[in-house]
Amino acid sequence: MTIKDLPQRPGETVTVTGWIATLRVHARVAFIVLRDGTGVVQGVVVKSQLPDDIWELATALTQESCIALTGVVRADARAPGGHELTVTGIELIGASEEFPIQPKEHGVEFLLDHRHLWLRSNRQRAGLRVRAEVEQAIHDFLYERDFVRIDTPILTGSIGESAGTLFETDYFGERAFLAQTGQLYAECAAPAFRKVYCFGPTFRAEKSKTRRHLTEFWMIEPEVAFADSDDNMDLQEEFVCYVVARALERCGPELEVLERDVSMLESVRPPFPRISYSEAVERLNAERAAAAAAPDSPAHPFEWGRDLGAVEETTISSWFDRPVFVYNYPREAKAFYMKENPDDPRTALCNDLLAPEGYGEIIGGSQREDDLDRLLARIREERLPEEAYDWYLDLRRYGTFPHSGFGLGLERTVGWITGRPHIRELVPFPRLINRLKP
């Protein structure tokens, strides 16, 4: 019997197994709040109704002890979960020493050191349950639209993004890297299946301590044949709306535990605003020029050609009440595989999708360069080893085709949906520049 099934068993005597979340003992009654992974229930232990050995066991229990609790199911709106058990029996399965995490303030480093135990707390469980629902929504969305999942390698000899953010390792005498993206391999599968995606861990050796960064994170990367940049943004918009609606539909209790203002999510509906990089820079600089008129203003013009940083992304997202597309960035600020914009060769046919409320970029996408000569020229411009990309260039030699794709960062997306201040809470075991344990 699991706790979530108790509402269907009123008046029955049942046994549930789980871990003690809290325990309060008074003179003649004890209250045990039990968690089993499906919900929580309060067990009421009345001394006068039980043998002495059961009462003694109840009063000797400790937080996080694993027990089997037997009792009669009673509806009680005041109780956690809306039902409680009038306890008739207790079996100790696994005793717990003094639990390190107590109902008091702990520092972040302490909690991360005890991440393996911190996962049991209400907010952490709620955040990770939303993550699980978002993952399932992603698979369902893509499956319903005939995408084929392609599992791409984690060890690779090719660079997908900046060479400065690579984790290098020795691969039997050859240089290998932890994958920054599965995209290049997903592109290979697009001629076979037309619509594909990969979903897995990716790695960036960025020495960043911001609330938006991890060194290991999960990314969803769809790739679609015969889709241009506008088609790509249309798909991203539909995708994000689906995922947010799914979280609102199925994760209400978890979002309530996390104290999320769901009105901010309810406004996530199409169409999303779209603004070019050049338009965004012009507007940013207009705002900064106005601010510069104020005494002692530190505002400086934003230089066209730079990639947008967190400050700029936050400002741009503040102009709108839902996610916003910024498209056609300068070519030099983006990866080598992005297609040159024929209307403005300084830029690429690409986009970032910025989440509201300061959560920044959750998607990066582009139309891919399908011209062999242009792609080879970009590889040479970036001084990348051509021999490492022979197989990738073959896609342009043998039946090249227009295609587009994007990558959605799972932790950033779930961080935004849940309203959590740092994405390290939205992955079971975060990897940060100073943390490899637990």
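Residues numbered from 1 in each chain as written. Predicted model: local features only at pLDDT ≥ 70, side-chain atom pairs only at ≥ 80, totals over all residues. Heavy atoms only, no water.

Draft legend 1. Structural context of the overall build of the protein. Secondary structure summary: the protein contains 13 helices and 16 strands in total. Counting only C-alpha atoms, the protein reaches 85 × 60 × 40 Å along its principal axes. Within the protein, the proportion of its 438 residues that are buried is 50%. Restricting the contact set of the protein to residue pairs at least 6 apart, pairs at least 24 apart contribute 68%. Total accessible area computed for the protein in this model is approximately 21,000 Å², and 51% of it derives from carbon and sulfur atoms. Charged side chains of the protein number 51 positive and 70 negative; the gap between the two group centres comes to 4 Å. (Helix = DSSP H or I, 4+ residues; strand = E, 2+ residues; numbered from the N terminus. Buried < 20%, exposed > 50% of the residue type's maximum accessible area, 1.4 Å probe, protein only. Contact = heavy atoms within 4.5 Å. Areas by Shrake-Rupley, 256 points an atom, 1.4 Å probe, with all protein chains shown as cover. Lys, Arg positive; Asp, Glu negative; His and termini not counted. Charge placed at Lys NZ, Arg CZ, Asp CG, Glu CD.)

Draft legend 2. The arrangement of the state of the cysteines in detail. Here the structure, examined in full by the defined rule, presents zero disulfides. The thiol of Cys-241 is not disulfide-bonded; the next cysteine sulfur, from Cys-251, is found 17 Å away. Its sulfur unpaired, Cys-350 is 19 Å from the next cysteine sulfur, which belongs to Cys-198. A residue is classified by how much of its surface remains accessible, and Cys-350, at 1% relative accessible area, is buried. (Disulfide = S-S within 2.5 Å.)

Draft legend 3. A look at the nonpolar core. Counting 38 residues, the largest nonpolar core has Val-134, Ile-138, Ile-220, Phe-239, Val-240, Trp-416 and Ile-417 as the members making the most contacts within it. At the level of elements, helix 4 (122-144), strand 10 (195-203), strand 11 (216-225), helix 6 (229-250), strand 14 (350-355), strand 15 (360-367), strand 16 (403-409) and helix 13 (410-418) are the ones that each hand at least two residues to this core. With eight residues, helix 6 is the single largest residue contributor to this core. Setting aside chain neighbours within four positions, we find Ile-138 in contact with Phe-199, Ile-220, Phe-239, Val-243 and Leu-410. Counting residues in each nonpolar core, the second largest holds 32 residues, with Leu-284, Tyr-329, Ala-335 and Tyr-389 among its members. (Core = buried A, V, L, I, M, F, W, Y, C linked by side-chain atoms within 4.5 Å.)

Draft legend 4. Summary view of the sheet that holds strand 16. With mixed pairing, eight strands are arranged side by side in an open sheet as 6-10-11-16-15-14-13-12. The sheet terminates laterally at strand 6 (148-149) and strand 12 (274-276), the two strands that pair on one side only. Relative to strand 15, strand 14 runs antiparallel, the two sharing six bridges. When the sheet's bridge partners are listed, Asp-352 is paired in strand 15 with Gly-364. Along the sheet, helix 4 makes contact with strand 6, strand 10 and strand 11, crossing strand 10 at roughly 155°. (Pairing = 2+ DSSP bridges. Axes fitted to C-alpha atoms, helices over the stretch in contact; angles between N-to-C directions.)

Draft legend 5. Up close: the environment of Leu-353. Here Leu-353 is to be found in strand 14. According to the relative accessible area criterion, Leu-353 is buried, its value standing at 0%. With 80 residues separating them in the primary sequence, Leu-353 and Pro-273 have C-alpha atoms 9.9 Å apart.

Draft legend 6. Representation of a nonpolar patch on the surface in the model. On the surface, a nonpolar cluster with roughly 370 Å² of combined accessible area is contributed by Leu-155, Tyr-171 and Phe-172. Here Tyr-171 lies in strand 8 (residues 168-171). (Patch = residues over 30% accessible without salt bridge, like charges linked within 9 Å, V, L, I, M, F, W, Y side chains within 5 Å. Salt bridge = Lys/Arg side-chain N within 4 Å of Asp/Glu carboxyl O.)

Draft legend 7. Main features of the sheet that holds strand 8. If you walk across this open sheet you meet the three strands as 7-9-8, and the pairing is antiparallel. A strand with exactly one partner marks an edge of an open sheet, and here the two such strands are strand 7 (155-156) and strand 8. Here two bridges tie strand 7 to strand 9 (residues 174-178), and the two strands are oriented antiparallel to one another. In the sheet register, Leu-155 faces strand 9, and the bridge partner there is Leu-178.

Draft legend 8. Looking closely at the packing of aromatic side chains. Evaluation of the coordinates by the stated rule reveals 15 aromatic pairs. On the numbers, 5.4 Å between centres and 70° between planes, the contact of Phe-336 with Tyr-389 is edge-to-face. Of this pair, Phe-336 sits in the loop between strand 13 (324-327) and strand 14 while Tyr-389 sits in the loop between helix 11 (372-381) and helix 12 (390-397), placing them 53 residues apart in sequence. These aromatic residues form a ring-pair network of at least three members: Tyr-185, Phe-336, Tyr-337, Tyr-389, Trp-391 and Tyr-392. Over the ring of Tyr-329 we find Lys-334, and its NZ or CZ is 4.2 Å from the ring centre. (Phe/Tyr/Trp six-rings, centres within 6.5 Å; stacked < 30°, edge-to-face > 60°. Lys NZ or Arg CZ within 6 Å of the ring centre and 35° of its normal.)

Draft legend 9. Seen up close, the side chain of Lys-334. Secondary-structure assignment places Lys-334 in the loop between strand 13 and strand 14. Look at Lys-334 and you get buried, because its relative accessible area is 14%. Among the polar contacts listed, one links the side chain of Lys-334 to the side chain of Asp-352, at a separation of 3.2 Å. Non-local contacts of Lys-334, meaning those with residues more than four positions away in its chain, are made with Asp-307, Tyr-329, Cys-350, Asp-352 and Arg-378. (Polar contact = N/O pair within 3.5 Å; in protein donor to acceptor, adjacent residues only side chain to side chain.)

Draft legend 10. Molecular detail of the pairing of strand 15. The element strand 15 is largely enclosed, with a buried count of six among its eight residues. Where strand 14 folds back onto strand 15 in an antiparallel hairpin, the turn is made up of four residues, including Glu-357, whose phi is positive at roughly 65°. Where strand 15 and strand 16 come together, five bridges link them in antiparallel fashion. Its bridge partner lying in strand 16, Ile-363 is registered against Leu-408.

Draft legend 11. Broad picture of the environment of Gln-102. Topologically, Gln-102 is positioned in the loop between strand 5 (83-94) and helix 2 (108-113). A distance of 2.5 Å separates the side chain of Gln-102 from the backbone oxygen of Phe-99, its partner in a polar contact.

Draft legend 12. Representation of helix 12 within the structure. All of the buried residues in helix 12 are Tyr-392, Leu-393, Leu-395 and Arg-396. One side of helix 12 carries all its buried residues, which in axial view fall inside an arc of 135°. Looking one or two residues past helix 12, Gly-399 carries a phi angle of roughly 80°, positive in sign. (Arc of directions from axis to C-beta.)

Draft legend 13. Broad picture of the side chain of Asn-341. One can find Asn-341 in the loop between strand 13 and strand 14. In this structure the side chain of Asn-341 is engaged in a polar contact, spanning 3.1 Å, whose partner is the backbone nitrogen of Asp-343. Ignoring sequence-local partners within four residues, the contact set of Asn-341 consists of Asn-328, Thr-347, Ala-348 and Leu-349.

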